[in-house]
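Listed below are the residues making up each chain.
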Amino acid sequence: QVQLVESGGGLVQAGGSLRLSCAASRSIFSVNAMGWYRQTPGQQRELVAGISSGGSTNYADFVKGRFTISRDNAKNTVDLQMNSLKPEDTGVYYCARFLYGFVIGSPRDWGQGTQITVSS
């Protein structure tokens, strides 16, 4: 099992930016797709952005053009740059590791989550 540790959450005003980072505990990170999910109040956990082992990215419609996912396989990290934040982006954000190199199916491992609060 791979441990995932998120950092970078916090409180920000609408229109502001935050950068989340997720560090993986094992070097096999490079062969796995990674993703960022979020759970907003009253909603189910949903995929925000994913990145394949080869670096291909995909985004939920509600973050396209605002969020950018990236990975550094040498450091075993995956980041989520969040710009133009909106109050509806408030929620708990989770880092996730997929079993294979593509963002498909359910993640194998989850981080503990980090709270993002966007004030209006």
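Criteria and thresholds
- Think of each chain on its own: its residues are numbered from 1, step by step along the sequence as written.
- It should be noted that, the model being predicted, local features are given only for residues of pLDDT at least 70 and side-chain atom pairs only at 80 or more, the latter also being counted only at that level, while totals for whole chains, interfaces and linings use all residues.
- Hydrogens and water are ignored here; the side-chain numbers use all heavy atoms of the structure.
- Pairing between strands is defined by DSSP: at least two bridges between them are needed.
- Helix and strand labels come from DSSP, where a helix needs a run of H or I of at least four residues and a strand needs a run of E of at least two; each type is numbered from the N terminus.
- Axes here refer to lines fitted to C-alpha atoms; in helices the fit is confined to the stretch in contact. Angles between the N-to-C directions go from 0 to 180 degrees.
- Only protein chains enter the area calculation, which uses a 1.4 Å probe; residues under 20% of their type maximum are buried, those over 50% are exposed, and those in between are partly exposed.
- In what follows, residue pairs with any heavy atoms lying within 4.5 Å of each other are defined as contacts.
- Disulfides are defined as pairs of cysteine sulfur atoms found within 2.5 Å of each other.

### Concerning the sheet that holds strand 3 (residues 18-24)
Part 1 of the reasoning: The 4 strands are arranged 1-3-8-7 in an open sheet whose pairing can be described as antiparallel. Single-partner strands in this sheet number two, and they are strand 1 (4-7) and strand 7 (67-72). On average, each strand axis in the sheet is tilted by 15° relative to the strand beside it, whichever way the strands run.
Part 2 of the reasoning: Pairing between strand 3 and strand 8 (residues 77-82): 6 bridges, direction antiparallel.

### Thoughts on the pairing of strand 8
Part 1 of the reasoning: By the criterion of burial, strand 8 is predominantly enclosed, with 6 of the 6 residues buried.
Part 2 of the reasoning: Going residue by residue along strand 8, you find Thr-77, Asp-79 and Gln-81 tucked away on one face and Val-78, Leu-80 and Met-82 tucked away on the opposite face as well.
Part 3 of the reasoning: One ladder, built from 6 bridges, connects strand 7 with strand 8; its direction is antiparallel. Each bridged residue has a counterpart across the sheet, and for Ile-69 the counterpart in strand 8 is Leu-80.
Part 4 of the reasoning: Counting the residues in the hairpin turn of strand 7 and strand 8 gives 4 residues, including Asn-76, whose phi is positive at 60°.

### What about the environment of Gly-91?
Part 1 of the reasoning: You can see Gly-91 is positioned in strand 9 (residues 91-97).
Part 2 of the reasoning: Along the primary structure Gly-91 and Met-34 are separated by 57 residues, whereas in three dimensions their C-alpha atoms are 19 Å apart.
Part 3 of the reasoning: When sequence neighbours within four positions are dropped, the list of residues in contact with Gly-91 reads Gln-39, Thr-40, Thr-114, Gln-115 and Ile-116.

### Here's the deal with the state of the cysteines
Part 1 of the reasoning: Scanning the entire structure with this criterion turns up 1 disulfide.
Part 2 of the reasoning: Disulfide pairing is shown between Cys-22 and Cys-95; the S-S distance is 2.1 Å. Here Cys-22 and Cys-95 share a disulfide; its torsion about the S-S bond, -75°, makes the bridge left-handed. Taken together, the positions of Cys-22 in strand 3 and Cys-95 in strand 9 put the pair 73 residues apart, joining distant regions of the chain. Across the pair, exposure class does not vary: Cys-22 and Cys-95 are buried alike.

### Observations concerning unusual backbone geometry
Part 1 of the reasoning: Of note, Asn-76 is a non-glycine position whose phi angle comes to about 60°, a positive value.
Part 2 of the reasoning: Its location among the elements puts Asn-76 in the loop between strand 7 and strand 8.
Part 3 of the reasoning: Its relative accessible area of 14% is what places Asn-76 among the buried residues.
Part 4 of the reasoning: For Ser-84, which is not glycine, the phi dihedral falls at a positive 50°.
Part 5 of the reasoning: In this fold, Ser-84 is placed in the loop between strand 8 and strand 9.

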